[in-house]
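Structural features, examined
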Amino acid sequence: MKTRVEVVVVVVVVALATLVMLLGHVRGLDGDLKLVNNGYEGVVVSISDHIQQEHCSHVIHGLKAVLRELSSQLWSATDGRASLREVTVTLPRAWRTSPSLTCSLFSPLMYSSWPTEGHIRVTAPHPGFGSRPWTQQSQGCGRQGDFIQVGGDFLRAAGNGSHAHAARLLLAEWAKFRWGVFDERGHAHDPLYPPTFRDPNTHQWAATGCADGAVRGRICDPSQPGCSFTPDLYTNNHLSASLLAFPHLPTVRLFCTDNTHTHVAPTKHNSLCGGRSAWQIIRQTQDFVGGRNAASSSNRNLEPVLMFVQQANPRYVFVIENTATMNLQRRWEYLRKAMRRVVVYDVPAGAQVGVVTFSSVALTVAPLTVVESQESDMRQRVGSSLPRNTSPNPETQKCILCGLQEALRLLNAKGRRGADGGTVIFITTGSGPTTHLDVDRMHHLVNQYHLRMNVVLYPLTERRGAAAAASHALHTLVEATGGSIFTVMDEGVGNDSKVKMMVALMDALLALVQQNAPASAPGAPVLVHNTAYPGGIASMSAGTFALDDSLGPDARFSIYYYDLNHVGNSIQLTAPSGHKIASVNIQEEDGDVNMIFINLEKAERGLWTYSVENCADSHQGLYVQVTAKQNSSAGLQARLWTSAGAQLINSSDPSTPVVVYAEVKAGVAPIINARVVAKIHRLGTNVTGSDYQPIFLHLWDNGVGDPDITQGDGVYSRYLPQLPGSPGRYLLSADVDYNNGLAVVAQGPPTRRRYKKPSLHLPFYHHHYHDTWNSEETCCGHSLPHVHTRRTPPFLRHLTSGVLEVMSPAPYRDLIPPSRVLDLRVEVNDTVHEISLRWTAPGDDWDTDRAHHYEAVVAPSWKKARAFQGDRLTGLPHPLPAGTIHTTSLHFTRYEELWYLSVRAVDEAGNMGGVGNIAALWVPRPPTTYEITTRTQPALTTSGNYTLTSELGSGHHPVGASEVRLEDLALIMGSLGGLVVVVAALVSYCYCYILKKRKQQQQQLQQQQKDDDDDDKMETGSSCNDSIAMVKAESLHVDDGGESHEPQEPMMKKPPPEETQSARPVPSVQSWSHNTHLPGYERPLSVHNETGEERLVAYQVDGAPLNTPFPDVTVTHYAPTASGNAGPGSSVYLPICTNEEPPLPCHCAIPGPDFTTYRTTATATTWDEPLTSHLFSRAHTAHTAALSTTVHHHLPQGDCRNVTQV
């Protein structure tokens, strides 16, 4: 009994020790991932709301097994340098945590309000990779990626026999995510990273990849599009590398080293990392550089410790400076209004909000309170909790440390969760004393309680046009905790303040609420539209905004003003359906925030327009915003960030460029071809007191490699351009929209189940009845794969990242080089033996403006081309603006030899861009009957944009006419002579043909004139209907024996009397297509002979024999006009005989096949255009313009009542 008690005590002590260790080491969810003593700590795995709770046991079990195997394989792949030690798993907020639904969790379930997404995300299948792991990498070689995405089915399908396989796939993606290496295999249909290449030693086709031995597998004809290499799964057991090329092979467990790396292979890793091996890049990262985490041979426990945390609603504590400085002008009033706006209207439902003020001491003015719906009284109380008057204490006596300590006390006083994961938002001026001792103590508190610090400098006072002041002491806290910093400049006008200050403070607080709440969570605030309209310019201010299905049913249209009289009486909204909303009776006012707003309940989806009467003064303005709530996690999501984070920017150092990123997705699916325009606006005023002009930067998702890594992944990027002027603070924002209907969403296969053959890469998917579509695809080539796309509905988002602090002035001379050319591709036309070069133009400064000129070399080896040594090419095209596609051609006469080509750009100051990807060049020998004389150097000529005479560099003379051989000259002269003979023959033939046709036409004209003279002698009188017929060239005909073909449609009846007595308008022939028969206007006819007597048909077309088939006859109801002055413009019609016996022979006249004009009376329709030629394909055209009367061709006399549709 005593032994049993001792065992229980030991277990409890071990459990408590483990819990204490977890509480001491886990960093909330701050993403502070680091390798400590050969073990990774701070790894976060997040499970999204897409995973249903009914699958939680399978997902959790598979996750534990895969992570355990991943840690072991990571230890082996790094030679005992790294493993997983601590992993935090965040469960969805939608999962219930009752004891009966704990999903076999053996560790205590904790809560955290930290909103950061995990490093590994278990979510819905990706449209390009399904449930297979893939890594989103937005930065370059050696830089950490964004995240690893894994489908829930990947963990559910992992059985005991496939954990090693799943861990191997995940290990390859971990290397890309953590160490910034890339794929080492080729991809089908990829022009930059093809699946095969020519081996430089054998000149034979080889599989694109990296391995420590020969790879056996199946390969198709490399010259065929879509050809790919498939390594065999069971005959490559001799291979151990590389995980970045063949992670599905069971024996592969290492990365390629310098000894096994194939730097010539056209892989994404070689292109972006300059041909260096993956292991070389890994050894230079922060985990191992300088001998950190050296190799270890200890056989320790490699199983990671998992801690399960459920993400809770966010918690915000606003810490606000309350000193006498805030009482100047309207600063405190605007601060109270901004706090009320963000708490009452923007904070998501269910969040906890507290308010603390500080001067020399700190006070809690609103305890941590849960705010529910927007109509909740608690929102009103917390939002209005700030005192109406400020403290008289001077700014020099403020205690920022006191404010932080009070915020921690507020967070710790709320239940068992403590202060862990809370968000603290400081609102303070940019001046005042803060000692280094206070800063150090704040660092200690922030690290101890895992807080995220955010700062709003309000207001920041600077002289006009002056350089930015020194960085605030809180800046280091913001950078250390991954927070954001915003700045609101002082916009005072005498004793007054511009309303611009209030709106800027509102925008900063809204952006911080958005950044510290789960962006995909329903109810998160979304800023759809944000536009400023200056006063004193126009009487009406108009704009547009779009609402989409990812937003909640309601939206709010708001107008912010300085004075209520600045907003006129006219406010009009127009819905996408065209319905106009006069807002006089539905607009509301909130004077506590200087806002007039309209609640759009169950608003229509689509593009809205609005107009507002602007009566503001010239130094004020109106500010229009449209806000809504996030509808679901599967909807549109957008975010904006930079590679610098919260760090200070040194614009004079070209070695540390800053890249601006924006991510636009619909759930996990990327949105392609969206329009993303970043706005970089310097805060403050210039020396004249005017605002600085903003810089607009269009972000691209083109996958050129520098800076955008992968095309079609939904990540748009550009380099931060050179910022003119002195150092300062720049607000970074962006507008994202649907690009006038060009934006599309990447889609996967149909949702219905498709069973395929087992995949070689993921065989267990098939065994567990999971769809294997696209499972062979790995991430990522030049672009992300997808099955198809669908067009996005109209959408619009306004994003705010924060303030960029540029601390160094721009250099006196240009030091910024052009970006690299990383998408150079070579295509060889075997027929004409021309080489097409294609690349995206870099800029003058990175990817801005245009470069000065290009330099290119062609070398016999990859290393020489990499060192930019070889024969220089001149006459290259003049650089186009950055982002434009260059296309040029080369004529290469070194056949069946392997050469390598490289291109770089040079700006006007002589700064050279880095060496880009190396393109291989191979031209097959042409089939010739004479001997080809080779030269000692490759002969090249170029043609393309702004074509110049091309020549070889390195002192070689240009390729000119002196190098033309005698055989070539003879061949050219012979070709020209043959061409002249052919042209002469064609001219002679055409001349003779025209003379012959003119002679035939004259004979036909004489014959027609003779026929018309005979017709005038005949009397006309019949009971024919007032209908006409137009001749077509198809079905109506009579056989040789006098029998007509039987029609396929019923016989046409006599039209009703009302139709025969009134004219029916005829539509313009211009609106008829060449094969359209309009019902009621055209009916094909055939003429039948029922008499039994053999008669010859008297109708003849252009002298054809009498038994020639008739052309089509089309009946068009038409009232004939008087035929008193028939001429070229007279009506032509065919009277159709009635069923009654006519007293006189019926003459059913039809129009001549050569008429070009069809005119009626003044009340009828006129056809000025000739009928299309296919209507008369069987009738030769005759010249009737000279005729003074209408030409009538007669059918034979007799019974012509039987007119039948064909």
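Definitions and limits used
- Residues numbered from 1 in each chain as written.
- Predicted model: local features only at pLDDT ≥ 70, side-chain atom pairs only at ≥ 80, totals over all residues.
- Heavy atoms only, no water.
- Helix = DSSP H or I, 4+ residues; strand = E, 2+ residues; numbered from the N terminus.
- Buried < 20%, exposed > 50% of the residue type's maximum accessible area, 1.4 Å probe, protein only.
- Contact = heavy atoms within 4.5 Å.
- Areas by Shrake-Rupley, 256 points an atom, 1.4 Å probe, with all protein chains shown as cover.
- Core = buried A, V, L, I, M, F, W, Y, C linked by side-chain atoms within 4.5 Å.
- Polar contact = N/O pair within 3.5 Å; in protein donor to acceptor, adjacent residues only side chain to side chain.
- Salt bridge = Lys/Arg side-chain N within 4 Å of Asp/Glu carboxyl O.
- Disulfide = S-S within 2.5 Å.
- Pairing = 2+ DSSP bridges.
- Axes fitted to C-alpha atoms, helices over the stretch in contact; angles between N-to-C directions.
- Lys, Arg positive; Asp, Glu negative; His and termini not counted.
- Patch = residues over 30% accessible without salt bridge, like charges linked within 9 Å, V, L, I, M, F, W, Y side chains within 5 Å.
- Parallel < 35°, antiparallel > 145°, perpendicular 65-115°, else oblique.
- Left-handed = near helix turned anticlockwise from the far one by under 90°.
- Nonpolar A, V, L, I, M, F, W, Y, C, P; charged D, E, K, R; others polar.
- Phe/Tyr/Trp six-rings, centres within 6.5 Å; stacked < 30°, edge-to-face > 60°.
- Lys NZ or Arg CZ within 6 Å of the ring centre and 35° of its normal.

Turning our eyes to something else, we now look at the overall build of the protein chain. Regarding its fold elements, the protein chain presents 16 helices and 53 strands. Within the span of the protein chain, comprising 1206 residues, buried residues form 52% of the whole. Restricting to contacts in the protein chain with at least 6 residues of sequence separation, those with at least 24 account for 78%. Of the roughly 53900 Å² that the protein chain leaves accessible, carbon and sulfur atoms contribute 52%.

Turning next to the nonpolar core. Note that soluble globular proteins tend to have their nonpolar side chains buried in a common cluster. Residues Y40, I47, V89, W174, W179 and F255 are the most contacted members of the largest nonpolar core, which totals 60 residues. With 45 residues, the next largest nonpolar core counts V347, V382, V503 and Y623 among its residues.

Glancing now at the side chain of S242. Tracing the chain through its elements places S242 in the loop between β12 (229–231) and α5 (268–273). Judged by its relative accessible area of 0%, S242 falls in the buried class. There is a polar contact of 2.9 Å between the side chain of S242 and the side chain of E184. Setting aside residues no more than four positions away along its own chain, S242 makes contact with E184, C210, A211, P247, V252, L254, F255 and C256.

Looking now at the pattern of salt bridges. Oppositely charged side chains can pair when the atoms bearing their charge come close. This structure, assessed with the given rule, holds 28 salt bridges. Here D183 makes a salt bridge to K176, at a shortest N to O gap of 3.3 Å. A single burial state applies to D183 and to K176, both of which are buried. The partner of E321 in a salt bridge is K398, with the nearest N and O atoms 3.1 Å apart.

This part takes up the state of the cysteines. By definition, a disulfide is the covalent link that joins the sulfur atoms of two cysteine residues. The final tally for this structure, using the stated rule, is four disulfides. Through a disulfide, C210 is tied to C256; the S-S separation comes to 2.0 Å. Handedness here is read from the sign of the S-S torsion; for C210 and C256, about -125 degrees, the answer is left-handed. Remark: C256 occurs in the loop between β12 and α5 and C210 occurs in the loop between β10 (205–207) and β11 (217–219); sequence separation between them is 46 residues. As far as burial versus exposure is concerned, C210 and C256 are alike and both buried. Note that C399 is cross-linked by a disulfide to C402, the S-S spacing being 2.2 Å. Around the S-S axis, the bridge from C399 to C402 shows a dihedral of about 75 degrees and counts as right-handed. No disulfide involves C990; its nearest neighbouring cysteine sulfur is the one of C992, lying 9.4 Å away.

The strand order β23-β29-β25-β26 describes an open sheet built from four strands, whose pairing is antiparallel. The strands lining the two open edges of the sheet, one partner per strand, are β23 (540–547) and β26 (580–582). With strand direction ignored, the average angle separating the axes of adjacent strands in the sheet is 20 degrees.

Before going further, it helps to spend a moment on the side chain of D708. The residue D708 is located in the loop between β35 (695–699) and β36 (715–719) in this model. Although buried, D708 forms no salt bridge, and the nearest oppositely charged side chain, K268, lies 8.4 Å from it. A distance of 2.7 Å separates the side chain of D708 from the backbone nitrogen of G703, its partner in a polar contact. Not counting residues within four places of it along the chain, the set of residues in contact with D708 comprises W700, D701, N702, G703, V715, Y716 and S717.

There is a patch of nonpolar side chains on the surface, built from I972, M973 and L976 and spanning about 300 Å² of accessible area. By the secondary structure assignment, L976 is in helix α15 (residues 966–1016).

This part covers the sheet that holds strand β37 (residues 728–737). Strand order in the open sheet formed by four strands is β35-β34-β37-β40, with antiparallel pairing between adjacent strands. In this open sheet, the two edge strands, each paired with only one partner strand, are β35 and β40 (796–806). Neighbour to neighbour, the strand axes of the sheet diverge by 20 degrees on average, direction disregarded. Of the pairings in the sheet, the one linking strand β34 (residues 675–682) to β35 comprises five bridges and is antiparallel in character. Across the sheet, the residue bridging to A678 is L697, located in β35.

Relative orientation of the contacting elements helix α9 (residues 400–412) and helix α10 (residues 436–449) amounts to 15 degrees, with a least axis distance of 10 Å. By the angle class used here, α9 and α10 are roughly parallel. Remark: the crossing between α9 and α10 carries left-handed chirality. Packed against α9, whose contacting residues are I400, L401, L404, Q405, L408 and N412, the element α10 presents D438, R441, M442, L445, V446 and Y449 at the interface. Class assignment of the residues belonging to the contact of α9 with α10 gives a composition of eight nonpolar, two polar and two charged.

Moving on to unusual backbone geometry. Omega for the peptide link from A241 to S242 comes to 10 degrees, which places this bond in the cis form. Between D706 and the following residue, P707, the backbone shows a cis peptide bond with an omega angle of 10 degrees. Positionally, P707 belongs in the loop between β35 and β36. Of note, D79 is a non-glycine position whose phi angle comes to about 60 degrees, a positive value. Assignment of secondary structure puts D79 in the loop between α2 (56–77) and β4 (86–91). Phi at E896 is positive, roughly 55 degrees, even though this residue is not glycine.

As a further point, take the pairing of strand β46 (residues 899–906). Within β46, eight of the eight residues are buried, which leaves it mostly tucked inside the rest of the structure. Burial along β46 is two-sided: the face carrying W899, L901, V903 and A905 and the face carrying Y900, S902, R904 and V906 are both buried. Sheet topology places β46 next to strand β47 (residues 919–921); three bridges connect them, and they run antiparallel. From the neighbouring strand, W899 faces β47, where its bridge partner is L921.

Once that is clear, we can look at the packing of helix α7 (residues 331–346) against helix α12 (residues 499–515). The contact between α7 and α12 brings their axes to 9 Å, and the two run at 35 degrees. Crossing angle aside, the handedness with which α7 passes α12 is right-handed. Here α7 contributes R331, Y334, L335, K337, A338, M339, R341, V342 and D346 to the contact with α12, which in turn contributes V499, M501, M502, L505, M506, D507, L509, L510 and V513. Grouping the amino acids of the contact of α7 with α12 by side-chain chemistry returns 13 nonpolar, no polar and five charged.

Another point: the packing of aromatic side chains. By the definition in use, this model includes 18 aromatic pairs. Ring plane angle 65 degrees and centroid distance 6.0 Å describe the contact between Y345 and F597, whose orientation is recorded as edge-to-face. In this pair, Y345 sits in helix α7 while F597 sits in strand β28 (residues 595–600), placing the two residues 252 residues apart along the sequence. Across the pair, exposure class does not vary: Y345 and F597 are buried alike. Taken together, the ring pairs in this structure connect Y533, F545, F557, W608 and Y610 into an aromatic cluster. Stacked on the ring of W641, the Lys or Arg R639 has its end atom at 3.9 Å from the ring centre. Between the NZ or CZ atom of R718 and the centre of the ring of W700, over which it lies, the distance is 3.7 Å.

A word on the pairing of strand β13 (residues 305–311). Of all seven residues that make up β13, six are buried, and the element is covered over most of its length. Two elements, β4 and β13, share six bridges in a ladder whose sense is parallel. Each bridged residue has a counterpart across the sheet, and for V87 the counterpart in β13 is L306.

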